[in-house]
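Results of the structural survey
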Amino acid sequence: MLPMTQGNGELDSLVRKRIRALRVAQGWSLDELATRARLSPSTLSRIETGQRRLALDQLVTLARALDTSLDQLVETATDDVISSPMIDAAHQLMRWPIRADPGMTVVRQRLTNPPPDSPSRMRAHPGREWLVVLSGTAILLLGNRRFRVETNQAAEFPTMLPHAIGADGGPCEILGIFDRDARRGHQRNEGSGEASRPSP
């Protein structure tokens with residue numbers, strides 16, 4: 001039997017729903033997942049519907065077949081669903097870490113200045129960056145190119161290309177996702193006194 005640390009029925013039901021949801025997300029029928037997990041379709045059906053007890057060995061096999069881990073299959077921690085941003089009022093910036101991937105950071109920023117007019121003020125560093133314009137229009141300088149990014153448009157680029165971003169014709173708000181290298185690159189560049197976006 002699956003060891004339960006909270007109400008048996010609650011965790012049991014959660015795991016069964018998760019197995020079915022993962023199967024459906026893959027586009028697999030009961031027969032397809034049963035074949036991958038070396039179970040009979042009727043056994044898998046009874047597991048999903050709660051008519052059969054959850055056995056640890058079957059959960060290990062199902063986790064492997066669903067390309068996940070046993071820990072993820074039985075995970076129950078939902079206490080930290082909501083988080084508040086860290087606020088940098090001086091740069092009109094909010095920042096949220098992504099708990100599941102501490103290397104990633106989400107940043108919301110209000111831009112009021114146009115991008116720099118000097119190539120020497122563009123920065124380059126390892127990593128990748130993704131951003132979406134929430135309101136207004138942004139100008140993204142990327143290498144020798146200039147992109148106009150409108151509301152609800154997104155841009156994704158390797159940060160080894162010299163880059164800078166600014167507002168066009170009035171304030172704009174952007175939401176950016178930085179990987180660990182991109183975040184470190186922005187922090188280093190800010191520490192060296194370069195003019196550009198603040199550290200995520």
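**Looking at the overall build of the protein**
Counting its regular elements, the protein contains six helices and nine strands. When each of the 200 residues of the protein is scored for burial, the buried share is 36%. In the protein, of all internal contacts separated by at least 6 residues, the share reaching a separation of at least 24 is 61%. Total accessible area on the protein is roughly 11,500 Å²; 49% of this is exposed by carbon and sulfur atoms.

**Points about helix α4 (residues 56–65)**
Along α4, the residues classified as buried are Q58, L59, L62, A63 and A65. Take α4 and look down its axis: the buried residues cluster within an arc of 160°, on one side only. Away from its buried face by more than 90 degrees, α4 exposes D57 and R64. Of the residues flanking the end of α4, it is D67, one or two places downstream, whose phi is positive at about 60°.

**Things to note about helix α3 (residues 41–49)**
For an α-helix, the turn length of 3.6 residues means that residues three or four places apart are oriented alike. Every buried residue of α3 is listed here: T43, L44, I47 and E48. Around the axis of α3, the buried residues are gathered within 135° of arc, so they sit on the same side. A positive backbone phi angle near 85° is found at G50, which sits one or two residues after α3.

**Re the sheet that holds strand β5 (residues 138–142)**
Strand order in the open sheet formed by three strands is β6-β5-β8, with antiparallel pairing between adjacent strands. On the outer flanks of this sheet lie β6 (145–149) and β8 (163–167), each paired with one strand and no other. Sheet twist, expressed as the average angle between the axes of neighbouring strands with direction ignored, equals 20°. Where β5 and β6 come together, five bridges link them in antiparallel fashion. Following the sheet pairing, L142 is matched in β6 by R145.

**Regarding the packing of helix α2 (residues 30–37) against α3**
When two helices pack together, their arrangement is given by the angle between the helix axes and by the axis-to-axis distance. Across the interface, α2 lies against α3 with an axial gap of 8 Å and an inter-helix angle of 105°. For the element pair α2 / α3, the angle class is roughly perpendicular. Of the residues in α3, those in contact with L30, D31, L33 and A34 of α2 are P41, L44, S45 and E48. Partitioned by chemical class, the residues of the contact of α2 with α3 number five nonpolar, one polar and two charged.

**Here's the deal with the pairing of strand β4 (residues 128–135)**
As defined by bridge partners, β4 adjoins strand β7 (residues 154–158) across five bridges and the pair is classed as antiparallel. Along β7, the bridge assignment pairs V132 with A154. Across six bridges, β4 lies against strand β9 (residues 172–178) in antiparallel orientation. For E129, the partnering residue across the bridge sits in β9 and is F178.

**A few points about the pairing of β8**
Buried residues dominate β8, accounting for five of its five residues. Here β8 shows a buried face lined by H163, I165 and A167 and a second buried face lined by A164 and G166. Pairing analysis gives five bridges linking β5 to β8, with the strands arranged antiparallel. The partner of L140 across the bridge, within β8, is I165.

**Some words on the nonpolar core**
Grouped together as the largest cluster of nonpolar side chains are 17 residues, with contacts concentrated most on V15, I19, L33 and L62. Secondary-structure elements contributing two or more residues to this core are α1 (8–26), α2, α3 and α4. It is α4 that provides the largest number of residues to this core, a total of four residues. By size, the runner-up hydrophobic cluster in this structure holds 13 residues, among which are L111, A138, I165 and C172.

Calculation criteria
- For every chain, the first residue of the written sequence is number 1, and numbering continues from 1 along that sequence.
- Selection of residues for local features in this predicted model requires a pLDDT of at least 70, selection of side-chain atom pairs for listing and counting requires 80 or more, and totals for whole chains, interfaces and linings are taken over all residues.
- Working from all heavy atoms in the structure, the side-chain values ignore hydrogens and water.
- A run of DSSP states H or I qualifies as a helix once it reaches four residues; a run of E qualifies as a strand once it reaches two. Both are numbered from the N-terminal end.
- The classification of residues rests on relative accessible area computed with a 1.4 Å probe and restricted to protein chains. Under 20% of the type maximum is buried, over 50% is exposed, and intermediate values are partly exposed.
- Any two residues whose heavy atoms approach within 4.5 Å are treated as being in contact.
- Accessible surface area values rest on a Shrake-Rupley calculation with a 1.4 Å probe, where residue burial reflects the displayed protein chains alone.
- Our arc is simply the arc of the directions from the helix axis toward the C-beta atoms.
- Think of it this way: DSSP has to see at least two bridges between two strands before they count as a pair.
- Axis geometry follows a simple rule: fit a line to the C-alpha atoms, using only the stretch in contact for helices, then measure angles between N-to-C directions, giving values from 0 to 180 degrees.
- Put simply, angles under 35 degrees are roughly parallel, angles over 145 are roughly antiparallel, angles from 65 to 115 are roughly perpendicular, and the rest are oblique.
- In this classification, the charged set is Asp, Glu, Lys and Arg, the nonpolar set is Ala, Val, Leu, Ile, Met, Phe, Trp, Tyr, Cys and Pro, and all remaining amino acids, among them Gly, are polar.
- Nonpolar cores were defined as sets of buried Ala, Val, Leu, Ile, Met, Phe, Trp, Tyr and Cys residues, with membership established by side-chain atoms within 4.5 Å.

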